[in-house]
Amino acid sequence: MSSFLKAFTFGKGKHEKLSEEWGESIKEPVNEGLPFHCKYIGSTLVEKSSDDATTADAIKTIVQMAKISGRDAKKVVLTIRPSGISCKDLLNDDEIFDISIYRISYCSADANYPRVVAFIATNLNETHECHAFLTRKDDIAQACALTISQAFAIAFEKYQMAMKEKAKNGNSTSKENESPSSTTTSQSSKSQTIGASTLIDFNTEPEFVI
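Every chain begins its residue count from 1, and numbering advances along the sequence as written. Two thresholds apply to this predicted model, a pLDDT of at least 70 for residue-level local features and 80 or more for giving and counting side-chain atom pairs, whereas whole-chain, interface and lining totals are computed over all residues. Hydrogens and waters are ignored; side-chain quantities use all the structure's heavy atoms.

Here's the deal with the overall build of the chain
- Per the convention used, a helix needs a DSSP run of H or I reaching at least four residues, while a strand needs a run of E reaching at least two, with both numbered from the N terminus. When you go through the chain residue by residue, the secondary structure sums to 5 helices and 8 strands.
- To sort residues, take the accessible area from a 1.4 Å probe on protein chains only and compare it with the maximum for the residue type: under 20% means buried, over 50% means exposed, and anything in between is partly exposed. When burial is assessed residue by residue, the chain has 41% of its 210 residues classed as buried.
- Areas reported here follow the Shrake-Rupley algorithm with a probe of radius 1.4 Å; residue values treat only the protein chains shown as occluding. A total of about 12300 Å² of accessible surface is found on the chain, and carbon and sulfur atoms cover 48% of it.

Next comes the structure, spelled out in structure tokens:
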């Protein structure tokens, strides 16, 4: 949870202005889960969990590795929710990954590859991994990055509300149990971690040309 409480880093770029206009209108669809049809280029381990230069280098590495392999990038459905990001194979619906929002620390629509959106997540073994996806258009990549940012904001709001409700219920319980003749003893409550589980579509799939 401590990593989740750190500020979520949003990659620099021209889409920063769009985030100011994203607002409340996107909250409901994000809560339900917003799917993006794209191609999963691949992933690579990185040293830092949130850094512009690290992500840019990782995307370059992933793209180069994909080109060298000569294989077509897998068509996937990337679904973004406040609980996390899931990725499924478009053809057979097999799950590729389902990452908790608490483990995502950075997202970016890279300026050097405007159709590519990427995010960094912390694996269960505490290594950091950058995942990159190819979209059909620049604005879809930007929308995907903004949706990840919005999902994080919603998750954080829910966390804050849960903590306030927990504190409120704790105060209420202590008042009910308090006796006029008793001596009040203050006990620090243990912090509780919220559990997190692990339509933008287009008809023409992108060719792997960046």
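A look at helix H4 (residues 52-69)
- Here H4 spans 26 Å end to end across 18 residues, near enough to the 26 Å set by a 1.5 Å rise per residue.
- Taken as a whole, H4 has its buried residues at Thr54, Thr55, Ala58, Ile59, Ile62, Val63 and Ala66. One side of H4 carries all its buried residues, which in axial view fall inside an arc of 160 degrees. Across from the buried face of H4, at angles greater than 90 degrees, the exposed residues are Asp57 and Ile68.
- Note on definitions: a residue-residue contact is assigned when non-hydrogen atoms from the two residues lie within 4.5 Å. Each element contacted by the buried residues of H4 is listed here: strand S2 (34-46), strand S6 (104-109), strand S7 (116-122) and strand S8 (128-134).
- In this structure aspartate 51 caps H4, since a side-chain oxygen of it lies 3.1 Å from the backbone nitrogen of alanine 53.
- Glycine 70, located one to two residues past H4, shows a positive phi value of around 75 degrees. The span one expects for a helix is its residue count, reduced by one, times 1.5 Å. To be clear, the arc concerns the directions from the helix axis to the C-beta atoms. Residues adjacent in sequence count toward polar contacts only when both atoms are side-chain atoms; beyond that, a polar contact is any pair of N or O atoms within 3.5 Å, and within protein one must be able to donate a hydrogen and the other to accept it.

Here's the deal with the confidence of the model for the chain
- Per-residue confidence from the predictor is given as pLDDT, running between 0 and 100. Counting all residues, the mean pLDDT for the chain is 76, and 68% of those residues have values of 70 or more.
- Taken element by element, the predicted model of the chain shows its lowest mean pLDDT in helix H1 (residues 2-5) (41) and its highest in S8 (97).
- Taken as a whole, residues 178-206 scores under 50 in pLDDT and shows 42 contacts with residues more than four places along the chain or in a different chain.

Considerations on the nonpolar core
- Put simply, buried Ala, Val, Leu, Ile, Met, Phe, Trp, Tyr and Cys residues joined by side-chain atoms within 4.5 Å make one nonpolar core. In terms of nonpolar packing, the biggest core is built from 31 residues, with Leu78, Ile85, Phe97, Phe119 and Phe133 touching the most fellow members.
- Every element with two or more residues in this core is listed here: S2, strand S3 (74-81), strand S4 (84-89), strand S5 (95-100), S6, S7 and helix H5 (138-177).
- Broken down by element, this core gets its largest block of residues, 10 residues, from H5.
- Discounting residues that sit within four places of it in the chain, phenylalanine 97 has contacts with Tyr40, Leu78, Ile85, Ser86, Cys87, Phe119, His131 and Phe133.
- In this structure, Val46, Ala58, Val116 and Ala132 belong to the second largest nonpolar core, which totals 15 residues.

Re the side chain of threonine 79
- Locating threonine 79 in the fold gives a position in strand S3.
- Once residues within four sequence positions are removed from consideration, threonine 79 is found in contact with Gly33, Leu34, Pro35, Gly84, Ile85 and Ser86.

Points about the environment of histidine 37
- With respect to the helices and strands, histidine 37 occurs in strand S2.
- Judged by relative accessible area, which is 17%, histidine 37 ranks as buried.
- With 39 residues separating them along the chain, histidine 37 and valine 76 place their C-alpha atoms 6.0 Å apart.

As for unusual backbone geometry
- The backbone of aspartate 93 sits at a positive phi, close to 65 degrees, despite the residue not being glycine.
- Turning to its location among the elements, aspartate 93 is positioned in the loop between S4 and S5.
- In this structure, glutamate 126 is a non-glycine residue whose phi angle is positive, near 70 degrees.
- Along the chain, the position of glutamate 126 falls in the loop between S7 and S8.

Observations concerning the pattern of salt bridges
- Any Lys or Arg side-chain nitrogen found within 4 Å of a carboxyl oxygen on Asp or Glu counts as a salt bridge. Applying the stated criterion across every chain, the model contains 2 salt bridges.
- For aspartate 89, the salt bridge is made with lysine 74, and the minimal N-O distance between the two is 4.0 Å. Of the two residues, aspartate 89 sits in strand S4 while lysine 74 sits in strand S3, which places them 15 residues apart along the sequence.
- For aspartate 89, a relative accessible area of 10% corresponds to the buried category.
- Across the pair glutamate 126 and arginine 103 runs a salt bridge, and its minimum N-O distance is 3.7 Å. Within this pair, whereas glutamate 126 is found in the loop between S7 and S8, its partner arginine 103 is found in the loop between S5 and S6, the two being separated by 23 residues in sequence.

Quick notes on the pairing of S7
- For S7, the buried fraction is high: 7 of the 7 residues fall into the buried class.
- Alternating positions in S7 separate into two faces, Val116, Ala118, Ile120 and Thr122 on one and Val117, Phe119 and Ala121 on the other, with burial throughout.
- Two strands pair if DSSP finds at least two bridges between them. Judged from the 5 bridges that link them, S6 and S7 form a sheet pairing that is antiparallel. Bridge pairing in S7 links tyrosine 106 to isoleucine 120.

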